[in-house]
Amino acid sequence: MNNTIGHNFLHKSLLRHTLIEHQSKISCSGVSGKALFQSQSPTQIKKSSIAINFLGDRLNLRKTKLPMGTRHLVSVIPRAVLTTDTTSEQLAGKFCLDENIELQVDVSVPTPGSTIQVNFQVTNGGDSLLLHWGAIYDKKGKWVLPSHRPDGTKVYKNKALRTPFVKSGSQFIVKIDVNDPAIQAIEFLIVDEAQNKWFKDNGQNFSVKLPAKGKMIPNASVPEELVQIQAYLRWERNGEQMYTPEQEKEEYEAARTELMEEIARGASIEDLRTRLTNKTDKSEIKEQQRSDTKIVIPDELVQIQAYIRWEKAGKPDYTPDQQLREFEEARKELQTELNKGLSLDDIKKKIIKGEIQTKVSKQLKSKSYFHVERIQRKKRDLMQLLRRHMTDWTEEKVPLPTKKTEMKAVEHFAKLKEEQDGGSVLNKKIYKIADKELLVLVTDSAGKTKVYFAIDSKEPLILHWSLTKKAGEWLAPPPSVLPLDSISLDRAVQTQFMNSSFVDPTYEVQTLEIEIEEDSFVGMLFVLLSQGNWIKDNGSDFYIEFRVASKQHAGDGKGTAKALLDKIAELEREAQKSFMHRFNIAADLMDQATSAGKLGLAGILVWMRFMATRQLIWNKNYNVKPREISKAQDRLTDILQNSYKTHPHYRELIRMIMSTVGRGGEGDVGQRIRDEILVIQRNNDCKGGMMEEWHQKLHNNTSPDDVIICQALIDYIKSDFDISVYWKTLNENGITKERLLSYDRAIHSEPNLRKDQKDGLLRDLGNYMRTLKAVHSGADLESAISNCMGYSSKGQGFMVGVKINPITGLTSGFPELLQFVIEHVEDKNVEPLLECLLETRQELQPLLLKSHDRLKDLLFLDIALDSTVRTAIERGYEELNNAGAEKIMYFITLVLENLVLSSDDNEDLIYCLKGWNHAMNMSKSRDGHWALYAKSVLDRTRLALAIKAEEYHQVLQPSAEYLGSRLGVDQWAVDIFTEEIIRAGSAASLSSLLNRLDPVLRKTANLGSWQVISPVETIGRVIVVGELLTVQNKSYGEPTILVAKTVKGEEEIPDGAVAVLTPDMPDVLSHVSVRARNGKICFATCFDPNILADLQAKEGKLLHLKPTSADIVYSAAKEGELTDSISSKLKDDDSLPSVTLVRKQFGGRYAISSEEFTNEMVGAKSRNISYLKGKVPSWVQIPTSVALPFGVFEKVLSDGSNKEVSDKLRNLKRELGEGNFAVLTEIRKTVLQLSAPSQLVQELKDKMKISGMPWPGDEGEQRWEQAWMAIKKVWASKWNERAYFSTRKVKLDHDYLCMAVLVQEIINADYAFVIHTTNPSSGDSSEIYAEVVRGLGETLVGAYPGRALSFICKKNDLNSPQVLGYPSKPIGLFIRRSIIFRSDSNGEDLEGYAGAGLYDSVPMDKEEKVVLDYSSDPLIIDGKFQQTILSGIAGAGIAIEELYGSPQDIEGVVRDGKIYVVQTRPQM
């Protein structure tokens, strides 16, 4: 609109209801001297709606009926004068205050930007007139008192100003200068002080609206994007009709007219923008206004022109850079056309008409004229995604109570009855009846069902009740169950409540007890009668079940936020009324949930998930409007959004809760559900049958089921009205005919639609689906994108793509990413889509990590993108059927990246992702080890998924079990709760991809299906167990092959086990592996899930295992073979030498140096390390050592200061000897209570200092106490369960076992290693086998998951170590400079018994756990460094083996490239 049109339009609107401007003198009665009434008669004046909100400097008048005795409007002469005009004066209005008194008000602006003057002039007045006035700052209308006032002005009661009129000739005047730009209007009254008479504007204040400085109001134009939004809103208000092009144009101009009228009434462009876009940030609006002044060529047109250029050039294959250059050249060409004076519409018309040579005019609907096949991903530092929030999943944070909560009367009654009966509680419900509570408690006592009623009301009350054998059936109870004074009726009984006899009046209730012996009754129906009024359960009969079969005992709620879950269970009855109630209750509980920590939010998630999976009632006898549901959703999601900001360590759980709740939305988003179904019915002539029943359900209580019903209708229509398709969609999504009938407004009918309705219904139901998903779905992509970008995609023509309220702060290329997603979301080739989805999520991350007023909309978009990745990857499985390893690895990186973006504590996942990237680079560079390395990354990724699944299980499953029991959820739904949560996420898709890749990698790396750790041929019966740890102390009566799901590495192998087969991956040199080899037990890892499943299916059968160094062949065995095997085993056992211990005595010294290590003083560990000093090559470092010799523990225990500890320990050991193994823990605790004799402290200090070792006490008494506690922990490990039962198996006298303590300075290792100088798997003595880990060796010899780097090296070729497997351990241990206290018992390394590793070595300081990044580890990525380190380790092994003349088991570390050996023992 140009200025001329705008000016004329505005002028017309201003003069529409005004009197004609005139020049003649006007009498006070309103009769003009000339042709005033030529335009309007007096009657017309009376009916005229002359309420005018004048712009700028004109008076704001209200509607008047011109009654007798009131002042009359004489004239209003609006002048559309620019406020920038110089010294322009405007007549704002003239009034009759009385029969002869006239008031004229003028507003003038002397110069642009200067002070505004408001002139008040009274004719025929008196000197007793006062102007009673104040200023208005905003629309609230509160008077403020300006500091700049005319002379003589006084403040009246601190509420107004009073300025006397000053005589000027025959008139009385007041002039007010307004210099405060914030003042928008002056309001006033006229007071005749002498007569105490007030002159008002029809009983209200006069108001003068002041002009905003610098505005060109009459010539103002409305920005086109605001006109578009207004047109869109009109279209919505009019029922979203289909418009012809002519109607679109009319609507567009009508929208412009409405906005211009608002400007005429005083609204500014900023006001309009704020109203239409819901924005309040003025600075942002001004910035938009500045940008609005320049016409921007839409990318849509630039794309068309670029396409034309591309066609003319012969459709070449452009690089991404060339495409960008072409795009900019196209933009320049269109800008040239624009500079010639053509409008954007003109340019578009030239394309459509073919005046610009193009072949794309037919593609306008697709809006996909020119785009690259896939987006270009930015290179990013993955560590920017790192989130560390290590918190305890299983510790409930319970806020301290502010006051003691009194037990309610009915709860007190229930507690007494539960204790009195001593039986099990079958059911318990508390109903809210107004402000009272009714308890119904059902117990099973001595085979009888007892039903107790209690209510905290004093009003006389009658129970009207019956028994039932099926739901809803009223049956007359047998006479034997009727309480005294009961009255039998037809199929019912009435029984009076009785007052209880509690001493404490606080617990006074009315009660009733009914005892039922017959077990055929399943429940009781009842209502209450109070003073002639029937009391029901929300309009229905009360019903209490006697035995809830699906309920198990709720347990003690351990591992849950029990107080919160109990509260949820208490409120579930109220929550069942509607989604509005449920969401509002959840919102009310969020404070308690966040206070309870991670378990509190887990409780909310479990509750919401039970709701989402239809395990809880959605609506019960309660009519609620959709907008009320969406408002409640909006309230809950607002709270979740705030929790996401303030509790970053709970973000993963909060995202999961939000995905179950849905987006909701304040305003009309919920109400549209009601409104739009009416439009669909009206537009498509389908007002009866199923559509009307669905309409009634939607009006009563909309739910997520409506999304599925809508989809079923769309599928049914698309299939040419095949009704089986309708039911297929419903049933696949859990909606049965019974469920449709269960709604409060049941759906009885099937759809019966006509073919002529097809196109209209598909269009309208498709639009309606977006509305339903906007309310009910937290993971709907299309509505999430529209919501964030501010688009509304409804309708056609000019309504499409209107930006209503876009989110600010998004990157410039973000809309293009979303457009790519929408265009390709259904592509069969999912790879480009996955790349774009992840690029979009990456772009969102910075906004999700900081405060944003639209954070929840961003979160719902991210949740939707996450969900779309999962569905896309599942659709892409077919694409991978014949794919090579590189393609599968690439898909793994995409899904893993998606999981990283959705996870808290994601450091391990990030390093897995970096590992996969490195594996792909190795593959592309034809590195011969790429498959071996990729297998280690695969193993680590599997381990990360298992750890994540276990964390989910720890935090969610206890809450699911406890709350599920309290709410009566189906047991199957409780059992699979955590499993289904995991399956719904990226982890399940990732696991499936890993399973596809695993056999490919094993084949490429020649790994086979097995890793044989202990190759022993054997026969046994198959038994399947979960964890080896749970059966390690068991004794099997016949040779047993254990198929164990989990083997950590520190377990003992139970008696009778002849083989352990597992999918787990303990290190070849772990404790359990050594145990297996020493005990001649077959031990192997199975990598093939099919082989493992076959072995598990053979549970209970006899198998013959025949292993090689790389495989295991198994076959069925006969009973006779088992007998022969047992006989052979007995002969082997008889041939083994007996194992005995010799008690060691205290040698008189508390501490000795390494030179004093002898057989009588210390164990083999200490003696061997002493022996190595000075005998190994100089490049092999041996740490300095001292020891607390044998007998020191017993000497300390006998010290007088430890008599109480000694006595307690003696008693505990007696109990242990009697078979009470539970006291082992208490024994260890007791040992830690020992005090150190002063002589021990002094001798140890002297020996350590003489040897050059640091003395902990020099750093303070606390450091010594740490050292002393570590020494005691070593002694206490004599009584750990594994060691104790191990000695019992070989019949060693545990009392004879003595513990020396080897003291060494810890070397803060880069790497730790264990060497077996003869390959333990093959028995090949010509090659060394070794394993290496990052950090300290505890992760290698302890129960730390994952595999170490393993290699072999031929003794005659130390420069060519061969890596057998790369590391998959996620954790490394590192420590400051410190001291370690190593166990050194006389029970280690006995012939025929491997006691090594049974007892603890304890560092003085706690190790730091570090998540390892192998993609930057030089041992992995630097071939030369790797060869040097591994050859050095192998060389140290050979040197020590040659020194002893026998195979050795050696432990050591690497620091700064140097090799340190910390202990050696004979290889068993």
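Cut-offs and rules
- Residues numbered from 1 in each chain as written.
- Predicted model: local features only at pLDDT ≥ 70, side-chain atom pairs only at ≥ 80, totals over all residues.
- Heavy atoms only, no water.
- Helix = DSSP H or I, 4+ residues; strand = E, 2+ residues; numbered from the N terminus.
- Buried < 20%, exposed > 50% of the residue type's maximum accessible area, 1.4 Å probe, protein only.
- Contact = heavy atoms within 4.5 Å.
- Areas by Shrake-Rupley, 256 points an atom, 1.4 Å probe, with all protein chains shown as cover.
- Pairing = 2+ DSSP bridges.
- Axes fitted to C-alpha atoms, helices over the stretch in contact; angles between N-to-C directions.
- Phe/Tyr/Trp six-rings, centres within 6.5 Å; stacked < 30°, edge-to-face > 60°.
- Core = buried A, V, L, I, M, F, W, Y, C linked by side-chain atoms within 4.5 Å.
- Expected span 1.5 Å × (residues − 1).
- Parallel < 35°, antiparallel > 145°, perpendicular 65-115°, else oblique.
- Left-handed = near helix turned anticlockwise from the far one by under 90°.
- Nonpolar A, V, L, I, M, F, W, Y, C, P; charged D, E, K, R; others polar.
- Salt bridge = Lys/Arg side-chain N within 4 Å of Asp/Glu carboxyl O.
- Polar contact = N/O pair within 3.5 Å; in protein donor to acceptor, adjacent residues only side chain to side chain.
- pLDDT = per-residue confidence, 0-100.

Student: Describe the overall build of the protein, with residues and values.
Tutor: Each helix and strand in the protein was counted, giving 44 helices and 47 strands. For the protein, buried positions account for 52% of its 1468 residues. Counting only contacts in the protein whose residues sit at least 6 apart along the sequence, the fraction spanning at least 24 positions is 68%. For the protein, the computed accessible surface area is about 67,000 Å², with 49% contributed by carbon and sulfur atoms.

Student: How would you sum up the sheet that holds strand β31 (residues 1082-1086)? Please name residues and give values.
Tutor: One open sheet holds the seven strands; their spatial order is β27-β31-β30-β29-β28-β32-β33, and the pairing between them is mixed. Looking along the sheet, the strands with just one partner apiece sit at the ends: β27 (1010-1014) and β33 (1112-1116). Across the sheet, the mean angle from the axis of one strand to that of its neighbour is 35°, orientation sign disregarded.

Student: How would you sum up the packing of aromatic side chains? Please name residues and give values.
Tutor: Summed over the entire model, instances satisfying the criterion amount to 26 aromatic pairs. Centre to centre, the rings of F188 and F206 are 4.9 Å apart; their planes meet at 10°, and the pair counts as stacked. Residue F188 is found in strand β11 (residues 185-192), and its partner F206 is found in strand β13 (residues 206-209); the two are separated by 18 residues along the sequence. Of the residues examined, F188 reaches a relative accessible area of 0% and is grouped as buried. Using a relative accessible area of 0% as the deciding quantity, one classes F206 as buried. Ring geometry for Y431 against F526: centres 6.4 Å apart, planes inclined by 85°, an arrangement best described as edge-to-face. One end of the pair, Y431, is in strand β14 (residues 424-433); the other, F526, is in strand β22 (residues 523-530), with 95 residues separating them in the sequence.

Student: So what's going on with the nonpolar core? Residues and values would help.
Tutor: Membership of the largest hydrophobic core comes to 158 residues, with the highest contact counts inside it found for W607, W916 and I1433. Broken down by element, this core gets its largest block of residues, 16 residues, from helix α28 (residues 930-967). Apart from the residues lying within four places of it in its own chain, the contact partners of I1433 are F1313, I1315, A1330, V1332, F1351, V1454 and I1459. Counting residues in hydrophobic clusters, the runner-up holds 46 residues, among them L1234, W1275, W1279 and F1381.

Student: Can you break down helix α14 (residues 626-646) residue by residue, with the values?
Tutor: For α14, spanning 21 residues, the distance from its first C-alpha to its last is 30 Å, which sits close to the expected 30 Å at 1.5 Å a residue. Those residues of α14 lying buried are P626, I629, S630, A632, Q633, D634, L636, T637, L640, Q641, S643 and Y644.

Student: Please set out the sheet that holds strand β39 (residues 1327-1334) residue by residue, giving values where relevant.
Tutor: Pairing within the open sheet is mixed, and its seven strands lie in the order β35-β47-β46-β38-β39-β40-β41. Looking along the sheet, the strands with just one partner apiece sit at the ends: β35 (1180-1181) and β41 (1362-1365). Pairing analysis gives eight bridges linking strand β46 (residues 1448-1455) to strand β47 (residues 1458-1466), with the strands arranged antiparallel. In the sheet register, E1451 faces β47, and the bridge partner there is Q1463. Each of β35, β38 (1311-1316), β39, β40 (1349-1354), β41, β46 and β47 touches helix α44 (residues 1423-1444); the most contacted strand, β46, lies at about 140° to it.

Student: Lay out unusual backbone geometry in plain terms, naming residues and giving numbers.
Tutor: Positive phi is not limited to glycine here, since Q531 has a value of about 50°. Within the secondary structure, Q531 sits in the loop between β22 and β23 (533-535). Classification of Q531 as exposed rests on a relative accessible area of 58%. Residues other than glycine seldom take positive phi values, yet K1080 does so here, at roughly 55°. Take K1080: its relative accessible area is 58%, and that puts it in the exposed class.

Student: Got a sec to walk through the packing of helix α26 (residues 885-902) against α28? Specific residues and values, please.
Tutor: One can describe the packing of α26 onto α28 by two numbers: an axis separation of 13 Å at closest approach and a directional angle of 30°. By the angle class used here, α26 and α28 are roughly parallel. In this structure, α26 crosses over α28, and the sense of that crossing is left-handed. Residue-level inspection shows A885, M889 and L899 of α26 in contact with α28, the latter providing W930, A934, L945 and K948. Among the residues making up the contact of α26 with α28, the classes are represented as six nonpolar, no polar and one charged.

Student: Outline the pattern of salt bridges, listing residues and values.
Tutor: Taken as a whole, this structure holds 69 salt bridges when the rule is applied. With a closest N to O distance of 2.7 Å, K935 and D939 form a salt bridge. Of the two residues, K935 and D939 both sit in helix α28, four residues apart, roughly one turn of that helix. Each of the two residues, K935 as well as D939, counts as buried. The structure contains a network of salt bridges with shared partners spanning R377, K378, R380, E839, E843 and E897.

Student: Kindly report on the environment of V1192, identifying the contributing residues and their values.
Tutor: Secondary-structure assignment places V1192 in helix α36 (residues 1192-1198). For V1192, a relative accessible area of 0% puts it in the buried group. Spatially, the C-alpha atom of V1192 lies 7.9 Å from that of R1149, the residues being 43 residues apart in sequence. Apart from residues no more than four positions distant in its own chain, V1192 is found in contact with F1146, R1149, Y1150, L1240 and W1275.

Student: Can you lay out the packing of helix α35 (residues 1164-1172) against α44 for me, pointing to particular residues and giving the numbers?
Tutor: When two helices pack together, their arrangement is given by the angle between the helix axes and by the axis-to-axis distance. Their axes nearest at 12 Å, the elements α35 and α44 cross at an angle of 100°. The orientation of α35 relative to α44 falls into the category roughly perpendicular. Residues N1168, Y1171 and L1172 of α35 pack against I1440, L1443 and Y1444 of α44. A breakdown of the residues in the contact of α35 with α44 according to their chemical character gives five nonpolar, one polar and no charged.

Student: Tell me about the side chain of R655, residues and numbers included.
Tutor: Note that R655 resides in helix α15 (residues 651-661). With a relative accessible area of 7%, R655 lands in the buried category. Only 3.4 Å separates the side chain of R655 from the side chain of D866, close enough to count as a polar contact. Residue contacts for R655: discarding those within four places in its chain leaves Y644, R841, L859, D862, I863, D866 and S902.

Student: Got a sec to walk through the environment of S1201? Specific residues and values, please.
Tutor: Take S1201: it is sitting in the loop between α36 and α37 (1203-1217). The spacing of S1201 and S1235 is 34 residues in sequence and 6.8 Å in space, taken between C-alpha atoms. In terms of polar contacts, S1201 uses its side chain to reach the side chain of D1199, at 2.6 Å.

Student: Tell me what's going on with helix α4 (residues 245-264), and back it up with residues and numbers.
Tutor: Compared with the 28 Å implied by 1.5 Å per residue over 20 residues, the 29 Å span of α4 between its first and last C-alpha is a close match. Phi for G266, located one or two positions after α4, is positive at around 110°.

Student: Describe in detail the side chain of H1316, supporting the description with residues and values.
Tutor: On the secondary structure map, H1316 appears in strand β38. Once residues lying within four places of it in the same chain are set aside, the contact partners of H1316 are L1069, R1077, I1328, Y1329, Q1448, D1449 and Q1467.

Student: I'd like to hear about the confidence of the model for the protein, residue by residue, with values.
Tutor: Where the model shows low pLDDT, its predicted coordinates should not be examined in detail. Residues with a pLDDT of 70 or more make up 82% of the protein, whose mean pLDDT is 80. Across residues 214-219, where pLDDT falls below 50, the model places 18 contacts with residues more than four positions away in sequence or in other chains. This model gives residues 793-801 a pLDDT under 50, and the stretch forms 34 contacts once residues within four places in sequence are excluded.

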